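Descriptive analysis of the structure
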Amino acid sequence: MSRADLSPPSDLRGNTIVVIDDSHAVRTAFEVLLALHGARVLSADGPAAGLGLLAEHGAQLVIQDMNFRREATSGAEGIALFREIRARHPQLPIILLTAWTHLESAVELVRDGAADYIAKPWDDTRLMTTVRNLLELGRARAEAAALRADARAARAALATRFDLRGIVYESEAMHTVVAMATQVAHAEVPVLITGPNGAGKEVLADIVQANSPRADGPYFKVNLGALPPELMESELFGTEAGAFTGARTRSGRFEAADRGTLFLDELGTLSAASQAKLLRVLQTGEFERLGSNETRRSRVRVIAATNAPLREAMRAGAFREDLYYRLNVIELEVPPLSARRADILPLARHFLGADFELRPDAEAALLRYPWPGNVRELQNAVRRACLLSSDRAIGAAALALPASRPVSEGEPEPDRATLEQALARAHGVVAQAARELGLSRQALYRRMERLGLKSEAPRPSGSE
Ligand SMILES: Nc1ncnc2c1ncn2[C@@H]1O[C@H](COP(=O)(O)OP(=O)(O)OP(=O)(O)O)[C@@H](O)[C@H]1O
Ligand SMILES: [Mg+2]
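Every residue gets a number counted from 1 within its own chain, in the order that chain's sequence is written. Chain letters start at A and ligand numbers start at 1, both assigned in the order the entries are written. Given that this is a predicted model, residues contribute local features only at a pLDDT of at least 70 and side-chain atom pairs are listed and counted only at 80 or more, while totals for whole chains, interfaces and linings are drawn from all residues.

Looking now at the overall build of the protein. Secondary structure is summarised from DSSP: a helix means a run of H or I of at least four residues, a strand means a run of E of at least two, and numbering begins at the N terminus for each. Looking only at helices and strands, one finds 19 helices and 14 strands in the protein. This radius of gyration counts C-alpha atoms alone. The globule rule is 2.2 Å times how many residues there are, raised to the power 0.38. Relative to a compact globule of 464 residues, whose C-alpha radius of gyration would be 23 Å, the protein shows 30 Å and is clearly more extended. Every C-beta atom is placed from the backbone, and the number of other C-beta atoms within 10 Å of a residue's own sets its class: buried at 20 or more, exposed at 12 or fewer, partly exposed in between. Counting over 464 residues, the protein shows a buried share of 38%. At a minimum sequence separation of 6, the contacts of the protein that also span at least 24 residues come to 70%. Contact between two residues is assigned when their C-beta atoms, built from the backbone, lie within 7 Å.

Structure follows, in structure tokens:
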């Protein structure tokens, strides 16, 4: 054993490692080496005994041989054991001990991750590195699985009490916003929903409406951005015949939504005149149809959405301050998809439906892409791939995503779960997780440090 391996002598403390090998000498060698590092080592001389140990004691790592009888050399027993362990303990990392002659089948087995192989005779230094990496990976995987389970449980608990309108998410960031939407739903105050294009603002508005006391009342949606100013006013407040050339008498959305809810999308485009009228109806419930002096009343709850930075518009004098403060009594901020990567695959699977599935290369491509168009862009990409694919397994090529640019430091922070899941997928290899997240290695290390996330891999000291 080299000096470097002696460093922290108890670095494997708290870990149980099961060794399955028919050779007494090999078992003893592992028992001595791993116990020296503080691990609890349990050994078995064949598959049945090994599976028994796992069932009885559990373990953080398995080291297994490929052949368990002197006359056997095919490796078939080892492959069968590997598959059996995988089936019974899907998260458990496995190291295969293999002769050079069987490297190919070992490589094939470990391709899907959470496993590695060591050629016999092995080098202790390399073995210890592999052991540490796989233990770290197992820990990260178990934690990510627990987090996902937590997120699902939290979402499920919310879904039993509220109508979540089929919204899909697994990220903590989204859970916070959705939980808040259900909490503010019962109040009669206006809600302002902000967030970038296609992030799900309308879905959130639907959740607020569906869980409010007005759930059974009228619910209308007006896209202010799609209307020229003259039509906008008549759409919102109605018109009296003769108000302008060709005008017919009609009621507006404020009348139609009386005792209900009005969703005003793209609020940032509202004209100055309409802003004044909107402020008045919010303050007093009063308004007039275009071309009429008759004051009408409406008790509408307004939910407004915008992807424009209203504060800036306000400072520039393009948006009324008094209206802004009346509307944003409660503000729900929908994070961009790039800041909640834990939602990407669940959303993609949701849009794929039951007839299609994602190949691993497609999953990696989806996770790597920065999604400037957010959920809507993801939805379009997935639907297009389904239409064009002749195969039920969608690959990266079928998604045809534009070449991704790296996410710059100024962009929204990925949350803790996102980092942990990326690390788990990258088997604890920070460089790989960083690539997937579109961060530099140093940038990822800084975030891991801040969040207290660990990686056993040695920290890079010099250049990237
Ligand atoms: N979390 C989600 N779960 C399921 N579907 C979602 C989710 N978020 C968004 N979608 C879907 O993605 C599309 C875009 O969402 P939505 O229209 O709510 O975004 P938006 O923020 O209002 O976008 P825009 O700014 O362009 O108006 C819709 O088809 C919506 O159903
Ligand atoms: Mg919208």
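On to the environment of Ala 397. Assignment of secondary structure puts Ala 397 in helix H16 (residues 396-399). For Ala 397, a count of 13 C-beta atoms within 10 Å gives the class partly exposed.

What follows deals with the site of ligand 1. Proximity of a residue to a molecule or strand is defined by its backbone-placed C-beta atom lying within 6 Å of that partner. Taken together, 17 residues lie around ligand 1, and Val 168, Gly 200, Lys 201, Glu 202 and Val 375 are the ones closest in. If you list the elements that add at least two residues to the shell around ligand 1, you get helix H7 (201-210) and helix H15 (374-388). Partitioning the shell around ligand 1 into residue classes produces seven nonpolar, six polar and four charged. In this structure, the shell around ligand 1 is formed jointly by two domains, domain 2 (172-333) and domain 3 (338-451), each of which donates at least three residues. Think of it as three bins: nonpolar holds Ala, Val, Leu, Ile, Met, Phe, Trp, Tyr, Cys and Pro, charged holds Asp, Glu, Lys and Arg, and polar takes everything else, Gly as well. Segmentation into domains, and thus their bounds, comes from an automatic or database assignment.

Grouped together as the largest cluster of nonpolar side chains are 61 residues, with contacts concentrated most on Ile 193, Leu 204 and Leu 378. Formed jointly, this core draws a minimum of three residues from each of two domains, domain 2 (172-333) and domain 3 (338-451). Those residues in contact with Leu 204 that sit more than four places away from it in its chain are Val 177, Ala 181, Ile 193, Leu 332 and Val 334. In this description, a nonpolar core means buried residues of the types Ala, Val, Leu, Ile, Met, Phe, Trp, Tyr and Cys, linked to one another by C-beta atoms lying within 7 Å. One finds Leu 61, Ile 94, Ala 434 and Leu 439 within the second-largest nonpolar core, a separate group that totals 47 residues.

pLDDT runs from 0 to 100 and stands for how confident the predictor is about each residue. Across the protein, the average pLDDT comes to 87, with 93% of residues at or above 70. Note on residues 406-410: pLDDT under 50 across the span, and six contacts to partners over four residues away in sequence or across chains. Overall, residues 456-464 carries pLDDT values under 50, and its contacts beyond four positions in sequence, including any with other chains, amount to 13 contacts.

A few words now on the sheet that holds strand E4 (residues 94-98). Judged by pairing direction, the sheet is parallel, and its five strands sit side by side in the order E2-E1-E3-E4-E5 without closing on themselves. In the strand order of this sheet, the two ends are held by strand E2 (40-44) and strand E5 (115-119), each with one partner. Neighbour to neighbour, the strand axes of the sheet diverge by 20 degrees on average, direction disregarded. One requirement defines pairing of two strands: DSSP has to find at least two bridges between them. Bridge count for strand E3 (residues 61-64) against E4 is three bridges, and the pairing is parallel. Bridge pairing in E4 places Val 62 opposite Ile 94. In this analysis an axis means a line fitted to C-alpha atoms, helices contributing only their contacting stretch, and an angle means the value between N-to-C directions, from 0 to 180 degrees.

Pairing between strand E1 (residues 16-20) and E2: five bridges, direction parallel. In the strand pairing of E2, Thr 16 is matched with Arg 40. The definition of a right-handed crossover adopted here requires that, viewed with the strands pointing away, the path from the first strand over the helix to the second runs clockwise. With helix H1 (residues 24-36) bridging E1 and the parallel E2, this β-α-β connection has right-handed handedness.

We now examine the domain arrangement of the protein. What the domain assignment reports for the protein is domain 1 (3-142), domain 2 (172-333) and domain 3 (338-451). Here domain 2 and domain 3 have C-alpha centroids that lie 34 Å from each other. In this assembly, eight residues from domain 2 lie in contact with ten residues from domain 3.

Helix span, as expected, comes to 1.5 Å for every residue beyond the first. Here H15 is 15 residues long and its end C-alpha atoms lie 22 Å apart, about the 21 Å a rise of 1.5 Å per residue gives. Those residues of H15 that sit buried are Asn 374, Val 375, Leu 378, Ala 381, Val 382 and Ala 385. The arc that holds the buried residues of H15, viewed along the axis, is 125 degrees, so those residues lie on one side. Projecting away from the buried face of H15 at angles above 90 degrees are the exposed residues Leu 387 and Leu 388. Each C-beta atom gives one direction from the helix axis, and the arc is the one those directions make.

Below, the discussion takes up the sheet that holds strand E7 (residues 219-223). Within the open sheet, the five strands sit side by side as E7-E8-E11-E6-E12. Their pairing is parallel. Sheet topology places E7 and strand E12 (330-333) at the edges, where each strand pairs with a single neighbour. Each strand axis lies, on average, 20 degrees off the axis of its neighbour in the sheet, ignoring direction. The sheet contact formed by strand E8 (residues 261-265) and strand E11 (residues 301-306) spans four bridges and is parallel. Pairing of Thr 261 across the sheet is with Arg 301, part of E11.

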